[in-house]
Amino acid sequence: VFYFSARPHRRCEVAISGGRRQCSAMTTVANCLSVEEALLKKSVLAGSGIAAFVPDELNAQTQPYVFTGATPIRVQVEDEDAVEARRVLAPPAAS
């Protein structure tokens, strides 16, 4: 299985054995200032059963001078998981 992104908001999965292409729309649920923060949020979502994707991960690791705070590192989930993902990532309410 190969993953590629034709557009920043879509993730496509190509199954080599079946030769079929499936695309699902992606929604950005967090913009992070570092790769570590993005991967931490991805792990939190995974722990909640939500598959997340960091499309800027490789670029931010190999070209850190491009991602200096002005360019956020995105954490994305499939559209149907966006509301739940935002709820999981929301800071706890003050008591």
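Each remark here, short or long, concerns the structure printed above.
None of these values were measured; they are calculated from a predicted model.

The rules behind the values
Residues numbered from 1 in each chain as written. Predicted model: local features only at pLDDT ≥ 70, side-chain atom pairs only at ≥ 80, totals over all residues. Heavy atoms only, no water. Helix = DSSP H or I, 4+ residues; strand = E, 2+ residues; numbered from the N terminus. Buried < 20%, exposed > 50% of the residue type's maximum accessible area, 1.4 Å probe, protein only. Contact = heavy atoms within 4.5 Å. Areas by Shrake-Rupley, 256 points an atom, 1.4 Å probe, with all protein chains shown as cover. Axes fitted to C-alpha atoms, helices over the stretch in contact; angles between N-to-C directions. Parallel < 35°, antiparallel > 145°, perpendicular 65-115°, else oblique. Left-handed = near helix turned anticlockwise from the far one by under 90°. Nonpolar A, V, L, I, M, F, W, Y, C, P; charged D, E, K, R; others polar. Salt bridge = Lys/Arg side-chain N within 4 Å of Asp/Glu carboxyl O. Core = buried A, V, L, I, M, F, W, Y, C linked by side-chain atoms within 4.5 Å. Pairing = 2+ DSSP bridges.

Here's the deal with the overall build of the chain
Then step 1. Regarding its fold elements, the chain presents three helices and five strands.
Then step 2. For the chain, the succession of helices and strands along the chain, N to C, is β-β-β-α-β-α-β-α.
Then step 3. By residue count, 26% of the 95 residues in the chain fall in the buried class.
Then step 4. Of the contacts formed within the chain by residues at least 6 apart in sequence, a portion of 52% connects residues at least 24 apart.
Then step 5. When the accessible surface of the chain is totalled, it reaches about 6200 Å², and 54% of it is carbon and sulfur.

Looking at the packing of helix α1 (residues 35–47) against helix α3 (residues 82–89)
Then step 1. The N-to-C vectors of α1 and α3 enclose an angle of 115°; their axes lie 10 Å apart at closest approach. Our classification of the angle between α1 and α3 gives roughly perpendicular. Seen along the crossing, α1 lies across α3 with a hand that is right-handed. Each of K41, V44 and L45 in α1 lies in contact with α3, whose residues at this interface are A85, V88 and L89.
Then step 2. Grouping the amino acids of the contact of α1 with α3 by side-chain chemistry returns five nonpolar, no polar and one charged.

Let's talk about the pattern of salt bridges
Side chains bearing opposite charge may pair, as long as their charged atoms lie close to each other.
Then step 1. Within this structure, the stated rule accounts for three salt bridges.
Then step 2. A salt bridge links D56 to R74, with the nearest nitrogen and oxygen atoms 2.8 Å apart. Linking D56 in the loop between β4 (52–53) and α2 (57–62) with R74 in strand β5 (residues 73–78), this pair joins segments that are 18 residues apart in sequence. Per residue, the accessibility class of D56 equals that of R74, and both read buried.
Then step 3. We note a salt bridge from E84 to R87, for which the minimum N-O separation is 2.5 Å. With E84 and R87 both in helix α3 and three residues apart, this pair spans about one turn of that helix.
Then step 4. With relative accessibility at 36%, the residue E84 sits in the partly exposed group.

A word on the nonpolar core
Then step 1. The biggest cluster of nonpolar side chains holds 16 residues, and the ones touching the most others in it are V29, A38, L45, I73, V75, V77 and A85.
Then step 2. Breaking this core down by element, the ones donating at least two residues are β3 (20–32), α1, β5 and α3.
Then step 3. Among all residues touching V77, those that are not within four sequence positions of it are A25, M26, T27, V29, L45, I50, A51, A52, A82 and A85.

As for the pairing of β5
Then step 1. Counting buried residues in β5 gives five out of six residues, a clear majority hidden from the surface.
Then step 2. As paired strands, β4 and β5 are joined by two bridges and run antiparallel to one another. Within β5, the residue paired with A52 across the bridge is V77.

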